[in-house]
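The lines below spell out each chain.
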Amino acid sequence: MQVQEIMTRDPACCGPNSTIQDAARIMADKSVGSVPVLNDAGEPVGIVTDRDICCGAVAEGRTNETPVSEVMFTDLLTTTPDEDVSSCCDKMEERQVRRAIVTDKTGKCCGMIAQADIARDADGEETAELVQEISKSDRKSGCC
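Thresholds, definitions, all that
- Residues numbered from 1 in each chain as written.
- Predicted model: local features only at pLDDT ≥ 70, side-chain atom pairs only at ≥ 80, totals over all residues.
- Heavy atoms only, no water.
- Helix = DSSP H or I, 4+ residues; strand = E, 2+ residues; numbered from the N terminus.
- Buried < 20%, exposed > 50% of the residue type's maximum accessible area, 1.4 Å probe, protein only.
- Contact = heavy atoms within 4.5 Å.
- Arc of directions from axis to C-beta.

## Regarding the overall build of the chain
Looking only at helices and strands, the chain has six helices and six strands in total. Listed N to C, the secondary structure of the chain is α-β-α-β-β-α-β-α-β-β-α-α in terms of helices and strands. Taken across its 144 residues, the chain has 42% of its residues classed as buried. Across the chain, the fraction of contacts at a sequence separation of at least 24, relative to all contacts at a separation of at least 6, is 61%.

Take a look at the structure:
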């Protein structure tokens, strides 16, 4: 199975100068927990999660006008649409992350693949291993 078979295509995104309120509004409107942050060329430069906003920005007393660039996570895991899901899972396990940004041949964001996508559509053993390995992490997402 390839990433393109289970990824979310054309995810809602924002730019680094978008505010955390803008990002939170996108998450609420789309019922998602993360938003890729793209530069003007459409290339991923970060990702912001609901946890980054809540535990990072709000807990630190930042305003809703805080730019996403101040709270986004920049150590991104990317994959391609034609990568095998098992290979992508291996990378997610190794990096202990719950999502990867899917980029096309030009490096532009064309999708997202998350632990939930894998749980919904991939092999049961693969899913269990991914969840177990990611859950071992002491590392916190983004700033939290």
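From this point, things continue past the structure.
## A short note on helix α4 (residues 85-95)
Taken together, the buried positions of α4 are V85, C88, C89, M92 and E93. The buried residues of α4 occupy an angular sector of 140° when the element is viewed end-on, so they sit on one face. Following α4 by one or two positions, Q96 adopts a phi angle in the positive range, close to 55°.

## Details of the side chain of T79
With respect to the secondary-structure elements, T79 resides in strand β4 (residues 78-79). Once residues lying within four places of it in the same chain are set aside, the contact partners of T79 are V3, C88, A100, I101, V102, T103 and I113.

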